[in-house]
Structure formats: C-alpha cells, structure tokens
Amino acid sequence: MTKIYDAVVIGAGPAGLTTAIFAAERGASIALLESAPQVGGAMLINRGQLSGAGSKLQEERGIKDTPQRHFDDAIRISRGTASREFLELAVGLQGPFIDWLMDHGFEMAENMPRIIHGHEAYDEARTYWGREDGVSLVKVLRPMLEAHVAAGRVDVFTNTSAQTLLRDEKGAVNGVRTEDGRDYFGRAVVLASGGYAANPTLFSRLHEGATLWSGSYKYSSGRGLEMGEDAGGEIILKETFLPNFGGFLDHTLEQPRYRAPGGLTPQDRPPWEIVVNREGKRFYREDNESVDERTELLIEQTESLGFVIFDEAIRCEAPSIFSYFPDKAERFFEPEGVIESADSLAALAEKCGIDAKNLEATVEKYNRAVASGVDAEFGRSHMPRPISQGPFYALPIVSYTVRGYAGLKVDLDFRVRSKDGQAVQGLYAVGEVLGSLLSGKGSVGGMSLTPALVFGRYLGERLPIG
Ligand SMILES: Cc1cc2nc3c(=O)[nH]c(=O)nc-3n(C[C@H](O)[C@H](O)[C@H](O)COP(=O)(O)OP(=O)(O)OC[C@H]3O[C@@H](n4cnc5c(N)ncnc54)[C@H](O)[C@@H]3O)c2cc1C
C-alpha cells in the first residue's frame, strides 16, 4: 500500500532539516527528499553566520540587546525593504534559537557574538558562527535527524530530486513526483528547496537578463520555486536583486565558485590597491565603507566586472587581500590561479582585456594622488604607496550571488499564496525559496540562514499532523 506521510519535505538544508526534526518530535511521519548525496544543503559550504538578539551569550558579555533593536537595525540596513511582519516573527525566534543551539552542543567560534563588516554592519554585536562555519550547524542537526530516522519517524531519500507536485481530485497538493519517476504522498508538501543561484537561465528570467556569477551551492537549482509557481504560487521580491561585492573565482575548491577574498572590506583592511573596470578607469572610492554603494557601482560596470590592480611592493608589504584564506593565498598567484601578472601595466592590460592606455593613465593619476595626499577624483583617504614596481598584478572581481532574491509568497503560516491571495492547498514553503524576505534590498547579517532555521522549526512545530 502507498505510504502517506504527514509531510513530504523537499530539501534537506537548514529549513528542511529543522522542519523535519521539529515535526518528527511531535510524532509526525516525514519523507525528506534531497537532490544531493548528503543532507545539509548550503550549510556544507556557507560561512554559517547567524544573528540573534537577547541570547545568553550576549548577556554573559554584558551586551544589552533586544529583538526590537534587531528589528530596527534590519529595517535600517534593508532601507525599509525587509518584510516587517516576517522580520518581527524572525527576530523573536532567533535569540532563543542561538541558546537552543548552545544547549545542544553547538561548537561556537571564539569571542562571539561580533559585529562584522562584510555587509552593512549591525549597531550591536549579534552575529555568531561555529568553529567549522556552516558545518558546525550540520553537526548539531544531523544526529537529531538520524535519531528520528532510527525511530522510524523520518525517511530520508538522498540523490532524489523532486520534479513535479501532485494533486488530489480537489486540486490540493498531496505529493511529489521525482526526476526518476517515483511518487511520494503527504498530507502536506513543504518546499524547503533553497534558491536558484546555480541556475543561470532562471536567474536571467527573474532578473531582467542579469548575468549570474554564482557563489552558491551547486544544488540551488530553483526547481522548488518553479514547482511552486506551476502550482499557482506567486513569485515576489524580484526587485530585491543585490548581489555581493567583489567575488573572485576560487579555483582551489572541488567545485570552483565565486567568493569574497576578505580583504576588500575597508573596515577590516584599508585598501592598498586600486580597482578599475574594463575601460581601465577607477569607478569608486576604494575605501568607501558602504558595501551596498560599492556593489551598486560594480554592477553598473561592463559585465559587472572589476580588476584589483597592484604591484610587487604592495604584494610584499600589504596585509593579504585573501584575508579569509591566509593558508592558501599564494595559490591564487599560481599560473592556474585567478590572478594575472605581467612586467608592465600595458602587458597586464593586454592579458586581462583592459584598455591599456587608460590603465596607464589611471595608475599615473593615482600615483600623483598618493604623492600629493589628495585623491581629487574620488576622495579616497587611504593611499599608502604608489603602484609602480613591477611585476604588476590584476585580480578580476565580480558582483556575485550566493542566494536567491525572488521567492514564493507565503502567509504567516508559511502556506504558499497564489496571485489572487488564496492559499495553494497542501503546499508550504520555508527558507531561501521565499527569497530575500528578511533582507529586502540589502544584506542583513545572518538573515538568510537564521530565518531558514527558525522558520523551519516554527513550521515543524505547527504542521498539521495525524
Ligand atoms: C557560500 C555561501 C555563504 C553563505 N553565508 C551565509 C551566512 O553567513 N549567513 C546567512 O544568513 N546566509 C548565508 N548564506 C545563505 C544561506 O546558506 C541560505 O540562505 C540557507 O542555506 C537557505 O537554507 P535553505 O534550507 O532554504 O536552502 P539550502 O541550504 O539551499 O538547502 C536546500 C536543499 O534543497 C535541495 N534541493 C533543491 N532542489 C531540490 C529538489 N528539486 N529536490 C530535492 N532536493 C532539492 C538542495 O540540494 C539543498 O540541499 C550563504 C550561502 C552561500 C552559498
């Protein structure tokens, strides 16, 4: 006889895992489908930065923080574009979730929480991460899942991609057909399938032809979003498209992807280099502390591409631009690495496809600014030395994407809503498939991963069962 689960959950990332675990704790039967060979989703590769206000860790460090302050800060950073109702729900759940993690053996990195500057910073230390980044979270959640599997409450199907949603005779979603033609039935189906930042075609469709420079998990196919749309769900938040500033292609990874080098954040490492576009011209003040402004300016350049230009003296004297990866910084200078080098600026420009004459003129002008101490063009103040001693280097950087922006519209019970405002019966969605709900058109620290975890938990604790 065909088994009917309480819920079929599509995706075993943070949102799907917490949905399944907390529903199973109430005795629900769950089928958890996962495209990848293992559970964990983007936590297996992400930095795992979480945020939460009012945690015990904050209290121990004498930090007086509240969900209301977190809320206000997120609204400020998102410039009023984050969803107020979902933000209100999230900030109330996130602090207690940090405590819950600590109570369940989460290995927190040293000196947490912190204020970080990779994106617009919070006004309070409320960002946390594990010793092994996202993997520290997997290490808490996976054993819990395994306990439910052993108890027969959860069936996990890895290497299994959901392809189509199934419906009963009344039109309610009641199951999933996978790529290999198997059917799984449930009283509810939960889309916890993450975003689409590994799918250039869908990305381009949702964002007016934008080029995708992907820094995401390779299984972020967007299929869940498409299934939700096919079932009548409304896709919202397309306008929140705002990729990350300054990613380089890390060729040392098993699956190369774009990621931040670390040293392009002026609050952490004041700049020694200049950044030019294909035309060989600078296009922003390299010590501009607003990551949103830097990103907007990079997006406007030809192919959304920039080149960080420096010389041998800077390579030797400056703190490494690859501050996130000090151990492998030198590998990026190897022939197969992303950095181009040449004995002259003209030869460097030739190799990179930059306008050579303009590059020479730009560097000359910058060197004059260093000598006079006045950058008349952009007003940069940190100019420690000229760019004059070959070999010269260029690191290509792009505005890259690690998560989806558009997402399915849901109500506060996480039921998928159609354009006419009706709930799509039987269908729920949680996590990144909801798009940039909590960050809006901004990057609010920890506000992708933490809401995926806490909303997954919230849904798991409430899904109708039995
Ligand atoms: C490099 C990187 C760094 C990041 N750093 C941070 C950070 O520090 N802080 C933060 O807040 N956010 C961060 N994020 C974003 C964060 O990882 C995501 O928002 C979060 O993982 C979303 O959780 P999710 O469960 O919705 O999706 P995912 O983690 O993507 O999990 C979805 C799962 O669904 C599976 N899946 C997809 N389609 C199907 C299908 N059709 N059938 C079956 N399974 C399917 C996928 O394989 C995946 O395992 C980062 C992302 C990346 C890529």
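Bear in mind the structure is a predicted one, so any value in this text is a computation, not a measurement. (Residues numbered from 1 in each chain as written. Predicted model: local features only at pLDDT ≥ 70, side-chain atom pairs only at ≥ 80, totals over all residues.)

A.B. asks: Would you mind going over the overall build of the protein chain with me for this structure?
C.D. replies: Secondary structure summary: the protein chain contains twelve helices and 18 strands in total. Here the C-alpha radius of gyration of the protein chain, 24 Å, is about what a compact globule of 466 residues would show, namely 23 Å. Dimensions of the protein chain, computed from the C-alpha atoms along their principal axes, are close to 75 × 50 × 40 Å. Buried positions account for 51% of the 466 residues belonging to the protein chain. Here the analysis covers contacts within the protein chain between residues at least 6 apart in sequence; of these, 73% occur between residues at least 24 apart. (Helix = DSSP H or I, 4+ residues; strand = E, 2+ residues; numbered from the N terminus. Rg over C-alpha atoms; globule rule 2.2 N^0.38 Å. Buried ≥ 20, exposed ≤ 12 C-beta atoms within 10 Å, placed from the backbone. Contact = placed C-beta atoms within 7 Å.)

A.B. asks: What is the right way to read the nonpolar core from this model?
C.D. replies: Where a protein is soluble and globular, its nonpolar side chains tend to be buried together. Counting residues in hydrophobic clusters, the biggest one holds 127 residues, and the most contacted among them are Ala7, Ile30 and Val190. In terms of domain composition, this core takes at least three residues from each of domain 1 (4–202 + 215–238 + 403–460) and domain 2 (244–400). Other than its neighbours up to four places away in sequence, Ala7 contacts Ala23, Ala28, Ile30, Gly186, Arg187, Ala188, Val189, Val190 and Leu463. (Core = buried A, V, L, I, M, F, W, Y, C linked by C-beta atoms within 7 Å. Domains from an automatic or database assignment.)

A.B. asks: I'm lost on the pairing of strand 10 (residues 244–250) in this one. Help?
C.D. replies: On any regular strand, side chains alternate: one points to one face of the sheet, the next to the other face. Burial analysis of strand 10 places seven of its seven residues in the buried class, which makes it a mostly covered element. Of the strand pairs in this sheet, strand 10 and strand 15 (residues 392–400) are connected by two bridges, and their pairing is antiparallel. Residue pairing in the sheet places Asn244 in a bridge with Tyr400 of strand 15. Sheet topology places strand 10 next to strand 11 (residues 257–259); three bridges connect them, and they run antiparallel. (Pairing = 2+ DSSP bridges.)

A.B. asks: Explain the site of the ligand to me, please; I cannot follow it from the model alone.
C.D. replies: Every one of the 42 residues lining the ligand counts as a neighbour, but Gly11, Gly13, Gly41, Gly194 and Gly431 are closest to it. Counting residues per element, the ones that place at least two in the shell around the ligand are helix 1 (14–25), helix 7 (223–230) and helix 12 (449–460). Split into classes, the residues belonging to the shell around the ligand amount to 17 nonpolar, 20 polar and five charged. (Near = placed C-beta within 6 Å. Nonpolar A, V, L, I, M, F, W, Y, C, P; charged D, E, K, R; others polar.)

A.B. asks: How do you make sense of the pairing of strand 18 (residues 423–429) when you look at a structure like this?
C.D. replies: Along strand 18, five of the seven residues are buried, which leaves the element largely enclosed by surrounding structure. Sheet analysis places strand 8 (residues 183–191) next to strand 18, joined by three bridges and oriented parallel. Bridge pairing in strand 18 places Val190 opposite Tyr428. As defined by bridge partners, strand 17 (residues 415–417) adjoins strand 18 across two bridges and the pair is classed as antiparallel. Bridging across to strand 18, Arg417 finds its partner in Ala423. Hairpin connection from strand 17 to strand 18: five residues lie between these consecutive antiparallel strands, with Gly421 at a positive phi of about 90 degrees.

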